[in-house]
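Spelled out from the first residue to the last, the chains are:
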Amino acid sequence: MSPAGAIRPAVTRASRLPNVTIQVLRFEAGAHLADSSGFVLLSFEQDEPPLGYIETLAGELFLESSRDLARLSAAYGNLKMLAMSPTESVTFIRELSKHAT
């Protein structure tokens, strides 16, 4: 099976998981708050505080302050708003993988 053929069932399985949301952010969406680097917002069970992680050319940054976490949360909200809906995203990936070789 080609990589393009393998992605369709993988996306279908992943999209059905309760803890997974697939959203595609197309280039046409334009500029966004996270265009300079990727980031991860980690949340933990129980009473552990959340943690932010950013990987840069200079190394990794772990963020714990409420101010920094609020910025990451705002960037995440901005990305979700600009991205295709989960249903549109899964359909887009399936259609795109049909045309890939």
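Quick note: structure is the one above.
Below is a summary of the structure that appears in this document. (Residues numbered from 1 in each chain as written. Predicted model: local features only at pLDDT ≥ 70, side-chain atom pairs only at ≥ 80, totals over all residues. Heavy atoms only, no water.)

1. Observations concerning the side chain of Ser 97
- Within the secondary structure layout, Ser 97 lies in helix H3 (residues 86-99).
- According to the relative accessible area criterion, Ser 97 is buried, its value standing at 6%.
- Separated by 3.2 Å, the side chains of Ser 97 and Arg 8 make a polar contact. (Helix = DSSP H or I, 4+ residues; strand = E, 2+ residues; numbered from the N terminus. Buried < 20%, exposed > 50% of the residue type's maximum accessible area, 1.4 Å probe, protein only. Polar contact = N/O pair within 3.5 Å; in protein donor to acceptor, adjacent residues only side chain to side chain.)

2. What to know about the pattern of salt bridges
- Following the criterion strictly, the structure yields three salt bridges and no others.
- We note a salt bridge from Glu 28 to Arg 26, for which the minimum N-O separation is 3.4 Å.
- Judged by relative accessible area, which is 59%, Glu 28 ranks as exposed.
- The exposure class of Arg 26 is partly exposed, given its relative accessible area of 34%.
- Put simply, Asp 68 and Arg 71 hold a salt bridge, and the shortest N to O gap is 4.0 Å. Here Arg 71 and Asp 68 lie together in helix H2 (residues 66-82), a separation of three residues that amounts to about one turn.
- Exposure remark for Asp 68: the relative accessible area of 23% places this residue in the partly exposed category.
- Judged by its relative accessible area of 48%, Arg 71 is partly exposed. (Salt bridge = Lys/Arg side-chain N within 4 Å of Asp/Glu carboxyl O.)

3. Points about unusual backbone geometry
- A positive phi angle, near 65°, is found at Gln 46, a position not held by glycine.
- Among the secondary structure elements, Gln 46 is positioned in the loop between strand S1 (39-42) and strand S2 (51-56).

4. Observations regarding the pairing of strand S3 (residues 59-63)
- Where S2 lies against S3, five bridges are found, and the strand directions are antiparallel. By the bridge assignment for S3, Thr 56 is matched with Gly 59.
- Hairpin connection, S2 to S3: the antiparallel pair is bridged by two residues. (Pairing = 2+ DSSP bridges.)

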